[in-house]
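Architecture at a glance
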Amino acid sequence: MRFKSLVVLLSVVSLFAGIPTARGAENTVKIGVITSLTGSQAAFGEAHKNGYLIALDEINAKGGVLGKKVALDFYDDQSRPDQAVQGVSKLVDRDHVAMLIGAYSSENTRAIINPVTMHRIPLLIPTATADNVMDSKSPWVFRICAGAGAYAREWMKFLKKNGAPKTMAIVYEKTNFGQANMRAMKAAAEAAGIKVVALEEYEAKAPDYRAVLRRVKEKNPDVVYFCSYLLDATTLMRQSQEVDLNPRYYTAAGTGFSAAEFPTAKGAGKNAEYTLSVSQWLPEVSWPGSKEFDAEYFKRYGSHPAYHAMQAYESLQTAAQAINNAKSLDPSKIRDAIKNINLKMTPFGPIKFDANGQNQHPVLITQVQGGKYRVVYPPETADAKPIIPAPKWSERH
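Worth saying up front: this structure is predicted, and the values here are computed from it rather than measured.

Definitions and limits used
- Residues numbered from 1 in each chain as written.
- Predicted model: local features only at pLDDT ≥ 70, side-chain atom pairs only at ≥ 80, totals over all residues.
- Heavy atoms only, no water.
- Phe/Tyr/Trp six-rings, centres within 6.5 Å; stacked < 30°, edge-to-face > 60°.
- Helix = DSSP H or I, 4+ residues; strand = E, 2+ residues; numbered from the N terminus.
- Lys NZ or Arg CZ within 6 Å of the ring centre and 35° of its normal.
- Contact = heavy atoms within 4.5 Å.
- Pairing = 2+ DSSP bridges.
- Axes fitted to C-alpha atoms, helices over the stretch in contact; angles between N-to-C directions.
- Left-handed = near helix turned anticlockwise from the far one by under 90°.
- Nonpolar A, V, L, I, M, F, W, Y, C, P; charged D, E, K, R; others polar.
- Core = buried A, V, L, I, M, F, W, Y, C linked by side-chain atoms within 4.5 Å.
- Buried < 20%, exposed > 50% of the residue type's maximum accessible area, 1.4 Å probe, protein only.
- Expected span 1.5 Å × (residues − 1).
- Bend = angle between axes of the 7 residues up to and from the residue.

Side note on the packing of aromatic side chains
Evaluated as defined, the whole model comprises 18 aromatic pairs. A ring pair is formed by Phe-142 and Phe-353, whose centres lie 5.5 Å apart and whose planes are at 65°; its orientation type is edge-to-face. Here Phe-142, found in strand β5 (residues 141-143), pairs with Phe-353, found in the loop between β12 (351-352) and β13 (364-369); they are 211 residues apart in sequence, far enough to count as distant. Ring-pair connections join several aromatic residues into one group, and the members of that group are Phe-226, Tyr-250, Phe-257, Phe-262 and Trp-393. Positioned over the ring face of Trp-140 is Arg-335, at 4.5 Å from the centre of the ring. A cation sits over an aromatic face here: Arg-396 above Trp-393, 3.8 Å from the ring centre.

Here you go:
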């Protein structure tokens, strides 16, 4: 009898759970967030979540949106593209969120573009740098961060003004992120007259890259350019020291080489010294609110954030502003509000999207000096001078 009652109860719950509810019909407006809270990219997903929660508290302290509190509906994609796709269906069809923000990796983000477009729901991309996530030109998709092409262009400016190297090796992981950044850098380097002497693709999360690094060492490039996530960045630098790979410049496409953990004992530690990487934000930049965000993040979580947390923070702030500007929870009106948004200055810099949905975000170049990220380019933003060439491993203390 108790079993039958339980079945009836579950049936009733299931029945009501399947009934669609209007977006924001209660006293909250739900925004769906897809990120990697478990799996190989969990460190970045956690940074995302922390940034989102700081923004959420600030937004709700100011009254929320449309007179209602904002609620975040997190979906853990487990660092897997197929799970990210399932997240779109769950958040839109079952949870009836007003819009989406996500995912983390370029691989997962690219996977959700078509489902988002089919569902006709606005998507803000906080972090994915592979430029092919924007290839669809979907009117529902907007990217707040700079992409791989912008990274490569900024690197060419920096290298031209800092030693003008002649040769480069590109080491990249076999993912959408790695391949997209490799292609962008290869094209930019060749156009600038830098000879690409090695292209080395590797399987992400492998325990040993020494064979790859020895092949690079044989080519003796002036520049090594890594396109890697955190676990690989840590291993690559440790094993670069082990095989005594000594380029003049250790450079990278951000991500693992710009994670908060990378220059610490949790990452590459002393092996991170002198690495140069692109970055999209640091607390030291002059954008109003940057230092305050850093202070709040440290107060809550006991560590200083890298740009991934700021990208999440500003994505949610931009989403809230767009919903208020739309004066509606209708997805097409929110989409149009995002398209027309023009924030002259935020803690992440100006926010304004072009006709393809891309925010024109400035790129910074940093170098690990004394265990900390220092901005070394562009000159008007720099707080340190780059140390070039990187000292040989045998000369480091």
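Description of the environment of Gln-367
Relative to the assigned elements, Gln-367 resides in strand β13. In this structure the C-alpha to C-alpha distance between Gln-367 and Ala-180, which are 187 residues apart in sequence, comes to 23 Å. Once you skip the residues sitting within four places of it in the chain, Gln-367 turns out to touch Tyr-274, Thr-275, Leu-276, Lys-372, Tyr-373, Arg-374, Val-376, Lys-385, Pro-386 and Ile-387.

Focus: the sheet that holds strand β7 (residues 195-202)
As summarised here, the arrangement of the seven strands in space is β7-β6-β8-β9-β10-β13-β14, forming an open sheet in which the pairing is mixed. A single partner strand is all that each edge strand has here, and the edge strands are β7 and β14 (372-377). The mean angle between the axes of side-by-side strands here comes to 25°, regardless of whether they run parallel or antiparallel.

Focus: the sheet that holds strand β1 (residues 28-35)
If you trace the five strands from one edge of the open sheet to the other, you get β2-β1-β3-β4-β5, paired in parallel fashion. Among the strands making up the open sheet, the edge pair consists of β2 (69-76) and β5. On average, each strand axis in the sheet is tilted by 25° relative to the strand beside it, whichever way the strands run. Here strand β4 (residues 123-125) pairs with β5 via three bridges, running parallel. Bridging from a neighbouring strand, Leu-124 pairs with Phe-142 of β5. Relative to the sheet, helix α3 (residues 81-94) contacts β1, β2 and β3 (100-102), its axis offset from that of β2 by approximately 145°.

Observations concerning the packing of helix α5 (residues 148-161) against helix α6 (residues 176-191)
One way to put it is that α5 packs onto α6 with a least axis distance of 8 Å and a crossing angle of 35°. The way α5 lies across α6 gives a crossing that is right-handed. Contacts between α5 and α6 involve Ala-148, Gly-149, Tyr-151, Ala-152, Trp-155 and Met-156 from the first element and Ala-180, Asn-181, Ala-184, Met-185, Ala-188 and Ala-189 from the second. Of the residues belonging to the contact of α5 with α6, the class tally is ten nonpolar, two polar and no charged.

Here's the deal with the nonpolar core
Formed by 107 residues in total, the largest nonpolar core has its most connected members in Met-168 and Phe-226. A total of eleven residues in this core trace back to one element, the largest contributor, which is helix α10 (residues 307-326).

A look at helix α4 (residues 106-119)
Helix length check: α4, at 14 residues, gives a terminal C-alpha distance of 20 Å against a target of 20 Å (1.5 Å per residue), a fit within 8%. Roughly 30° is the biggest bend found in α4, and it falls at Ile-113, with proline Pro-115 one to four residues downstream. Along α4, the residues classified as buried are Ser-106, Asn-108, Thr-109, Ile-112, Ile-113, Pro-115 and Val-116. As for α4, its buried residues are in contact with β1, α3, β3, β4, β5 and α6. Two residues or fewer past α4, Arg-120 is found with a positive phi of approximately 55°.

Section: unusual backbone geometry
Across the junction of Gly-102 and Ala-103, the peptide omega takes the value -10°, indicating a cis bond. Cis rather than trans, the peptide bond between Tyr-377 and Pro-378 has omega equal to 5°. If you trace the backbone, Pro-378 turns up in the segment after β14. Its identity as a non-glycine residue notwithstanding, Lys-137 has a phi of 55°, on the positive side. Here Lys-137 lies in the loop between β4 and β5. For Ala-164, which is not a glycine, the phi torsion comes out positive at approximately 45°. Note on placement: Ala-164 falls in the loop between α5 and β6 (167-173).

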